[in-house]
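Given next are the chains, with one letter for each unit.
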Amino acid sequence: LAKTTQPISMDSYEGQEVNITCSHNNIATNDYITWYQQFPSQGPRFIIQGYKTKVTNEVASLFIPADRKSSTLSLPRVSLSDTAVYYCLVGDQGTGGFKTIFGAGTRLFVKA
Amino acid sequence: DAGVIQSPRHEVTEMGQEVTLRCKPISGHNSLFWYRQTMMRGLELLIYFNNNVPIDDSGMPEDRFSAKMPNASFSTLKIQPSEPRDSAVYFCASSSLTDKGYTFGSGTRLTVV
């Protein structure tokens, strides 16, 4: 399983764009990149997933360079409610359930 | 859809007692995962099932832990006997072949005293 490295914590202010970068140098050909968000006392929540280039949904954008050794989660105009832990994971979605290992995540703190 | 349902939400038990945690995955999902979360160790994958069959239980800490999935709509995680170091939040998650990512339940906070 590809190991991921991301910053332990980040601070931001309301209204700013936040970019969280994750390194995954050993990503395999079949691996997808998935980001989750976790609030205190809740389970992680799927945010976005991509394989290459750029993916955008109503919550975030995911930028993946051609070599796929890193990825950047971009949160536009964050609010206080975006304060959470963000996890970057890589894994082979394959044909069934796949073993997904969570790292330590990035603790984002949004200030007023 | 009610999402992934876990019960109980909170469990306090004495050391040595048997504890059973329950999970109902989303209907139609064919994969189910049990995770444990603590401040020290973060989120740890304990075991996962595909089509009710255990695929990888290498994360199960000891023989005191066991998990079953008798059918597609129900799974249990049992700890017998429980110890204080088992205190954690236990999450169940499910996924399907077509879904992106997992859907997690709200977790069971276990306290062993």
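Residues numbered from 1 in each chain as written. Chains lettered and ligands numbered in written order. Predicted model: local features only at pLDDT ≥ 70, side-chain atom pairs only at ≥ 80, totals over all residues. Heavy atoms only, no water.

A.B. asks: Which parts of the structure should I look at to understand the overall build of chain A?
C.D. replies: Scanning chain A for helices and strands turns up 0 helices and 9 strands. Order of helices (α) and strands (β) in chain A, N terminus to C terminus: β-β-β-β-β-β-β-β-β. Considering only C-alpha atoms, chain A reaches an extent of 40 × 30 × 25 Å along its principal axes. Here chain A holds 112 residues, and 46% of them are scored as buried. For chain A, restricting intrachain contacts to residue pairs at least 6 apart in sequence, the fraction spanning at least 24 positions comes to 56%. Across chain A, the mean location of the 10 positive side-chain charges is 5 Å away from that of the 8 negative side-chain charges. (Helix = DSSP H or I, 4+ residues; strand = E, 2+ residues; numbered from the N terminus. Buried < 20%, exposed > 50% of the residue type's maximum accessible area, 1.4 Å probe, protein only. Contact = heavy atoms within 4.5 Å. Lys, Arg positive; Asp, Glu negative; His and termini not counted. Charge placed at Lys NZ, Arg CZ, Asp CG, Glu CD.)

A.B. asks: In this structure, what is going on with the side chain of Ser31(B)? I would like to understand it.
C.D. replies: By the secondary structure assignment, Ser31(B) is in strand E4 (residues 31-38). There is a polar contact of 2.7 Å between the side chain of Ser31(B) and the side chain of Asn50(B). (Polar contact = N/O pair within 3.5 Å; in protein donor to acceptor, adjacent residues only side chain to side chain.)

A.B. asks: Just to check I follow, could you spell out the nonpolar core for this structure?
C.D. replies: For soluble globular proteins, nonpolar side chains are generally found buried alongside one another. Residues Trp34(B), Leu77(B) and Tyr90(B) are the most contacted members of the largest nonpolar core, which totals 21 residues. If you list the elements that add at least two residues to this core, you get strand E3 (19-24), E4, strand E5 (42-50), strand E7 (65-71), strand E8 (74-79), strand E9 (88-95) and strand E11 (108-112) of chain B. Here Leu77(B) is in contact with Val19(B), Thr20(B), Leu21(B), Trp34(B), Leu46(B), Met60(B), Ser66(B), Ala67(B) and Tyr90(B), once residues within four sequence places are set aside. In this structure, Ile27(A), Ala60(A), Leu108(A) and Val110(A) belong to the second largest nonpolar core, which totals 20 residues. (Core = buried A, V, L, I, M, F, W, Y, C linked by side-chain atoms within 4.5 Å.)

A.B. asks: Help me out: how do you make sense of unusual backbone geometry in this one?
C.D. replies: Keep in mind that most residues, glycine aside, have a negative phi and that most peptide bonds are trans. Look at the link from Ser7(B) to Pro8(B): it is a cis peptide, with omega at -10°. With respect to the helices, strands and loops of the structure, Pro8(B) is situated in the loop between strand E1 (5-7) and strand E2 (10-13). At Arg68(A), a residue that is not glycine, the phi angle is positive and equals roughly 60°. Relative to the assigned elements, Arg68(A) resides in the loop between strand E6 (61-64) and strand E7 (70-75). The class of Arg68(A) is buried, set by a relative accessible area of 8%. The residue Arg77(A) is not glycine, and still its phi comes out positive at about 45°. Positionally, Arg77(A) belongs in the loop between E7 and strand E8 (84-92).

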